[in-house]
Structure formats: structure tokens, C-alpha cells
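Working through the structure, step by step
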Amino acid sequence: MLSDVMVSCDDVRENVKKYYGSRLESTGDLQTSAASCSLPCRPPPKSVKDALSLVHPEVTKKFFGCGLPFPAKLEGCRVVDLGSGSGRDCYAFSKLVGPSGHVTGVDMTEELIAVSRQYIEYHRKKFEYEKPNIEFVQGYMENLSEAGIRSDSVDVVLSNCVICLCPDKRAVLQQAYNILKEGGELYYSDMYASRVVPDHMRDDPVLWGEGMGGSLFWKDLISLAHSVGFGTPRLVSASHIAIYDSELKAKADDVSFASATYRLFKLPKSPAVSEASVTYKGTVADFPDQLDFDSSHFFKKDVAVAVNGEMATILQRSRFCPDFQIQVSDPQESDSEARSQEFVPPYCHLNPFLLADKLGSSVKQCSKTSQ
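Residues numbered from 1 in each chain as written. Predicted model: local features only at pLDDT ≥ 70, side-chain atom pairs only at ≥ 80, totals over all residues. Heavy atoms only, no water.

With that settled, consider the overall build of the protein chain. A tally of helices and strands in the protein chain yields 14 helices and 13 strands. Considering only contacts within the protein chain whose residues lie at least 6 apart along the sequence, 81% involve residues at least 24 apart. By element, 50% of the accessible surface of the protein chain is carried by carbon and sulfur atoms, the whole surface being about 16,700 Å². (Helix = DSSP H or I, 4+ residues; strand = E, 2+ residues; numbered from the N terminus. Contact = heavy atoms within 4.5 Å. Areas by Shrake-Rupley, 256 points an atom, 1.4 Å probe, with all protein chains shown as cover.)

This brings us to unusual backbone geometry. Phi at D253 takes a positive value of approximately 55 degrees, unusual for a residue other than glycine. Topologically, D253 is positioned in the loop between helix 11 (246–252) and strand 8 (257–265). A positive phi is found at D286, a non-glycine position, where the angle reads about 80 degrees.

What follows deals with the packing of helix 7 (residues 169–179) against helix 10 (residues 218–228). The N-to-C vectors of helix 7 and helix 10 enclose an angle of 45 degrees; their axes lie 9 Å apart at closest approach. As the angle between them shows, helix 7 and helix 10 are arranged oblique. For the element pair helix 7 and helix 10, the recorded crossing hand is right-handed. Where helix 7 approaches helix 10, its residues K169, R170, L173, Q174 and Y177 are matched on the opposing element by L221, L224, A225, S227 and V228. Partitioning the contact of helix 7 with helix 10 into residue classes produces 6 nonpolar, 2 polar and 2 charged. (Axes fitted to C-alpha atoms, helices over the stretch in contact; angles between N-to-C directions. Parallel < 35°, antiparallel > 145°, perpendicular 65-115°, else oblique. Left-handed = near helix turned anticlockwise from the far one by under 90°. Nonpolar A, V, L, I, M, F, W, Y, C, P; charged D, E, K, R; others polar.)

What follows covers the pattern of salt bridges. Throughout the structure, instances matching the rule amount to 13 salt bridges. A salt bridge links D254 to R195; the nearest nitrogen and oxygen atoms lie 2.8 Å apart. Within this pair, whereas D254 is found in the loop between helix 11 and strand 8, its partner R195 is found in the loop between strand 5 (180–193) and helix 8 (199–202), the two being separated by 59 residues in sequence. Accessibility expressed as a relative area gives 32% for R195, which makes it partly exposed. (Salt bridge = Lys/Arg side-chain N within 4 Å of Asp/Glu carboxyl O. Buried < 20%, exposed > 50% of the residue type's maximum accessible area, 1.4 Å probe, protein only.)

Right, let's talk about the pairing of strand 7 (residues 234–240) for a bit. In terms of burial, strand 7 is a largely internal element, 6 of the 7 residues being buried. Sheet analysis places strand 7 next to strand 8, joined by 6 bridges and oriented antiparallel. Each residue of the ladder has a partner; that of H240, found in strand 8, is A258. (Pairing = 2+ DSSP bridges.)

Here helix 6 (residues 120–127) has its buried residues at I120, H123, R124 and F127. End-on, the buried residues of helix 6 take up no more than an arc of 105 degrees, which puts them together on one face. The secondary structure elements touched by the buried residues of helix 6 are helix 3 (57–61), helix 4 (88–97), helix 5 (110–117) and strand 3 (134–138). Within two residues after helix 6, E128 carries a phi angle of roughly 60 degrees, on the positive side. (Arc of directions from axis to C-beta.)

Turning to the confidence of the model for the protein chain, a few remarks are in order. On average, residues of the protein chain carry a pLDDT of 85, and 81% of them reach 70 or more. Low pLDDT (under 50) marks residues 1–7, which in the prediction has 0 contacts with non-local residues, meaning those over four places away or in another chain. Within the model, pLDDT remains below 50 along residues 26–38, and this stretch shows 77 contacts once partners closer than five positions in the same chain are excluded. (pLDDT = per-residue confidence, 0-100.)

Buried residues dominate strand 2 (residues 102–107), accounting for 6 of its 6 residues. Taking every second residue as pointing to the same face, both faces of strand 2 are buried, with H102, T104 and V106 on one and V103, G105 and D107 on the other. Two strands pair when backbone bridges link them, and strand 1 (residues 78–82) and strand 2 are joined in this way by 5 bridges, in the parallel orientation. Note on strand 2: the bridge partner recorded for L82 is V106. Crossover strand 1 to strand 2 through helix 4 is right-handed. Relative to strand 3, strand 2 is paired through 5 bridges, and the arrangement is parallel. Among the inter-strand pairings, G105 is bridged to a residue of strand 3, identified as F136. (Right-handed = clockwise from strand over helix to strand, strands pointing away.)

The final tally for this structure, using the stated rule, is 11 aromatic pairs. A centroid spacing of 4.7 Å and a plane angle of 45 degrees characterise the contact between F70 and F93, whose relative ring orientation is tilted. Pair noted here: F70 is in the loop between helix 3 and strand 1 and F93 is in helix 4, with a separation of 23 residues, a long-range link. On the numbers, 5.5 Å between centres and 40 degrees between planes, the contact of Y280 with F324 is tilted. Highlighted residues: Y280 in strand 9 (residues 276–280) and F324 in strand 13 (residues 324–328), separated in sequence by 44 residues. Each member of the pair, Y280 together with F324, is buried. Counting every residue linked through ring pairs, the aromatic cluster contains F265, Y280, F293, F299, F320 and F324. (Phe/Tyr/Trp six-rings, centres within 6.5 Å; stacked < 30°, edge-to-face > 60°.)

See below:
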């Protein structure tokens, strides 16, 4: 049974390698709107736009992502990009982390690694760095230790519409968890399905290449994240995905797809703090007046906000700790608040399809065209 699973995983890997390494010349060759960004609640900050604008055009041409996985406060961070592809996001991260930070791109596709490595010196000069702060490693995101990445050594793990191409998502999340320092986060965009993807779709190589066959049912992400040790995922942004090709649309039947960005934190094993009142100091670069943490938490400068115990722990233990004043609530008050919210539907705020509806973000323009 185990050998059958391994053969299946190897088959999927080889198909994806061929699909992205040889068959596709650019994002225009894909058949869905997944390369369009999931819409954030606010436009990306100027620093992100500027960083992306500095990336070499040939690198951008081979970009196949589905979102903008660019969290705030990356300066000085050690970052790993899972499924780095041509390196577009990596080079933007290279600019954002600055010369004191470091970026490692991991990809299994030899052709894309070759493209990304060609432009290391170009971007070093473009960013006016004394030495490169970036490297690209050919390897599998299911086995990051084999790629030379140590446990508990990384501040932020990022990924852009790649985990949906991997058959063993639990292994990917477990590896990301392992390499993160305590308080670190996995911040990534991916494709999600409105229900469990049926077997006939999972067995279709083109649907796998487009990300549809391997898309996770969004509710399953929550239990999967908890099972490897992460806290509850935080939904940041979402867009509906349009399918252009009529044959693919017929194969998808009644399954809908969304592009969504989530952030998952590696929190301490000790019990979470009680609920807390937190006040943003306005000290995160690009966000002097308000920090949008996810689609449910918006922190205005000098305005106290009540948060639950897990969010309070995230702010206390992550790189955002210096940017907040945190006052833990009385345990009795927390118990009362918990009882008052007892009948709130669980995790509805994490549904990317509801958020896409709220944002009105069915994709209107995209880099994938019908062929």
C-alpha cells in the first residue's frame, strides 16, 4: 500500500515537472485565472509594488503563482519560498528582507531553477547589495532537510500556489512547521476547492497541472494545520477562480475553486494566554495608521482592540511583539466572553468563498487565457 502511494506521488511529481518545466512557456499558457492575485482587503504597500517592479522581465514571464504572499515586516528575516519557480517572489523578498536578511528558494523543477539562478547577480546589482542574499535549491518541499534547511532556523516560510500541486500536503505543512522558529509563520497563497475533489479529477494530469486536481477542500486545511502543530489558520485574502477551458469546466462539474492566502503560526506548546486588549503602536513600516493582520483583524494605531487568546499569543510570540501593547484580560471575563460566543458557526470566517463574495472578487483580468 505504501509503495502504491509513493508511485502515485512520483507520478504526480513527474507530471508537474513536465507541465511547468517544458509544456508551459508563460503564465498565458494556463487555463484558469489562478495566476491572478487573490484580492487583499487593501492594495499591497508601495514597498511590495516597488520590489516586484524591479524583478527581471524574464523571471516574471515564467511566474505561475495565484496570490500576493507578502506579509508585513520582513526586513532582516530568514525566508524560505516553497516552490519558488522562476524566482519572481524570491527576488522581491530579497529586496524586502534587505541585505541583513536571507532568502532560499526551493523548487523541484530543473528548468525553473536554471532560470532563477541566471539572475542572481543582476538583482544583486539592481538592489545595490555588497553580496547576494539569495540562493536557489533544487529539492522537494516534502523533505526540506534533504535540501539543506535546518529545523528551527527560519522566520517566515512563503509559497505561492504550489502546495496544491503536491499530493502529500501534510508532509509539506509538517516540513514547514519543522524549519520555522517558534513564533515564525507559514504565509502562503494556494487554490482551494468548495468540497472534496472527486477521484476522477485527482487522476487527471492536466487538472493536476492547473492546480484543480490537487486543491484541498478549504475546511480540511484547519484540521491539517492543527495536526502538524500550527495554530488555527488566519484567512488574509481570497478570490474566485474562473475556468476558461470548456473541457476543464465540464470535468470540474459542481466543484468551485478559490485562490486564498492564509497565515499559520508556530506557537509555543504552553497553554494560550487569556483574551487580551491589544493596541497597535503604528511602528510597522508601510503601515503607520493601520495594520491589516488578516481579513478579521484590523488594528488602528493607538486604538485598543479585544482579541482571543490565540491571537494574543501570536502577537506576543511573533516578530510583531514590539509593535503592540498587550494587556491580558481577567480569566473570568474571558470565560464569560467565550460563553457569549458559544453559538457562532465554527470557522465561517475562514471560508475563502465567503470572503471572495464579500470582496466582490471574481477575477476580471488574469494572465491565463483560453487556448
